[in-house]
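# Structure at a glance
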Amino acid sequence: QVQLVESGGGLVQPGGSLRLSCAASGSIFSISAMGWYRQAPGNQRELVATITSGGSPNYADSVKGRFTISRDNAKNTVYLQMNSLKPEDTAVYYCKSMVRVSYLHSEYPYWGQGTQVTVSS
């Protein structure tokens, strides 16, 4: 099985910064894309940022210029550096990794448990 463990969430003031981490472990043959999604109460889960295995990032317009996604392939870890945080960034943030567990398996999405990010005065 594959497990994604997230960390780094918490309470931060508007304009502040937070860094999320997500480490994948278990039966991992390979990981292609990794990404971060978020869901606020009453809202749909939305894409925040993705990054390819080669390190090419994509961002939602709402976070572009403020958030930076990165990864360490040797550690099977993806990061989300969040700067200039706004109250509307408040949500549960979920890590997703596209993982192949063996050569015989197709890639499959695995999700972290979610970590709460609250931006408030």
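Summarised in this report is the structure supplied together with it. Quick caveat: nothing in here was measured; it's all calculated off a predicted structure. (Residues numbered from 1 in each chain as written. Predicted model: local features only at pLDDT ≥ 70, side-chain atom pairs only at ≥ 80, totals over all residues. Heavy atoms only, no water.)

This part covers the pairing of strand β3 (residues 18–26). The pairing of strand β1 (residues 2–7) with β3 spans six bridges and is classified as antiparallel. In the strand pairing of β3, L4 is matched with A24. Looking at chain direction, β3 and strand β8 (residues 77–82) are connected through six bridges and run antiparallel. In the strand pairing of β8, A23 is matched with T77. (Pairing = 2+ DSSP bridges. Helix = DSSP H or I, 4+ residues; strand = E, 2+ residues; numbered from the N terminus.)

Now for the side chain of R38. Inspection of the secondary structure assignment puts R38 in strand β4 (residues 30–39). On the basis of relative accessibility, which here comes to 6%, the residue R38 falls in the buried class. Within the structure, the side chain of R38 is placed 3.5 Å from the side chain of S62, a separation counted as a polar contact. A distance of 3.0 Å separates a polar atom in the side chain of R38 from a polar atom in the side chain of D89. If near-sequence neighbours (up to four positions away) are discounted, R38 is found in contact with Q44, R45, E46, V48, S62, V63, F67, E88, D89, A91, V92 and Y93. (Buried < 20%, exposed > 50% of the residue type's maximum accessible area, 1.4 Å probe, protein only. Polar contact = N/O pair within 3.5 Å; in protein donor to acceptor, adjacent residues only side chain to side chain. Contact = heavy atoms within 4.5 Å.)

With that out of the way, let us pick up the packing of aromatic side chains. As enumerated under the stated definition, the model contains three aromatic pairs in all. Ring plane angle 85° and centroid distance 6.1 Å describe the contact between F29 and Y103, whose orientation is recorded as edge-to-face. Here F29 is found in the loop between β3 and β4, whereas its partner Y103 is found in the loop between β9 (91–100) and β10 (108–111), with 74 residues between them in sequence. When its relative accessible area of 44% is taken as the criterion, F29 is described as partly exposed. A ring pair is formed by Y108 and Y110, whose centres lie 5.4 Å apart and whose planes are at 70°; its orientation type is edge-to-face. Y110 sits in the partly exposed class, given a relative accessible area of 21%. Between R45 and the ring centre of Y94, over which it is positioned, the NZ or CZ distance is 3.7 Å. (Phe/Tyr/Trp six-rings, centres within 6.5 Å; stacked < 30°, edge-to-face > 60°. Lys NZ or Arg CZ within 6 Å of the ring centre and 35° of its normal.)

In this section: the environment of V63. With respect to the helices and strands, the residue V63 is situated in the loop between β6 (57–59) and β7 (67–72). Taking the C-alpha atoms as reference points, V63 and S102, 39 residues apart in sequence, are found 34 Å from one another. Those residues in contact with V63 that sit more than four places away from it in its chain are R38 and V48.

Inspection of the entire model under this criterion finds four salt bridges. Residue R38 pairs with D89 through a salt bridge whose shortest N-O separation is 3.0 Å. Placement of R38 in strand β4 and of D89 in the loop between β8 and β9 is noted, with a sequence separation of 51 residues between them. In terms of burial, R38 and D89 fall into one category: buried. In this structure, D89 engages R66 in a salt bridge whose closest nitrogen and oxygen atoms are separated by 2.7 Å. Taken together, the residues span a long stretch of sequence, with D89 in the loop between β8 and β9 and R66 in the loop between β6 and β7 at a distance of 23 residues. Through salt bridges with shared partners, a single ionic network connects R38, E46, R66 and D89. (Salt bridge = Lys/Arg side-chain N within 4 Å of Asp/Glu carboxyl O.)

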